[in-house]
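# Residue-level structure breakdown
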Amino acid sequence: MISIYDKSGNLVIKNKFFKICPIDHPKLIDDLKMEIDFYDGKDIQLKDNCYLLQKN
């Protein structure tokens with residue numbers, strides 16, 4: 001379960017996310033805080049070529 005807040009401290013979303021990676025580059029989560037790059041309004045983009053897909 002991940003919660004995302006805006007700069008004012010208001011909750012934007014709270015949901016479950018799944019890590020999605022290219023089939024030829026599977027990676028485990030080592031330190032999620034260090035891997036997050038940005039939230040695009042739908043998914044959480046990671047610094048590698050993977051992302052966290054929001055569970056519907």
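The structure displayed is predicted, hence computed values, not measured ones.

## Considering the environment of isoleucine 36
By the secondary structure assignment, isoleucine 36 is in strand β4 (residues 36–39). By relative accessible area, isoleucine 36 is classed as partly exposed at 31%. Those residues within four positions of isoleucine 36 in sequence are excluded, and the remaining contacts are Ile44, Gln45, Leu46 and Lys47.

## Focus: the side chain of glutamine 54
Assignment of secondary structure puts glutamine 54 in strand β6 (residues 51–54). Given a relative accessible area of 19%, glutamine 54 falls into the buried group. A polar side-chain atom of glutamine 54 sits 3.1 Å from a polar atom in the side chain of asparagine 15. Sequence-distant contacts of glutamine 54, that is, excluding residues within four places in its chain, are made with Ile13, Asn15, Lys16, Phe17, Tyr39, Lys42 and Asp43.

Cut-offs applied
- Residues numbered from 1 in each chain as written.
- Predicted model: local features only at pLDDT ≥ 70, side-chain atom pairs only at ≥ 80, totals over all residues.
- Heavy atoms only, no water.
- Helix = DSSP H or I, 4+ residues; strand = E, 2+ residues; numbered from the N terminus.
- Buried < 20%, exposed > 50% of the residue type's maximum accessible area, 1.4 Å probe, protein only.
- Contact = heavy atoms within 4.5 Å.
- Polar contact = N/O pair within 3.5 Å; in protein donor to acceptor, adjacent residues only side chain to side chain.

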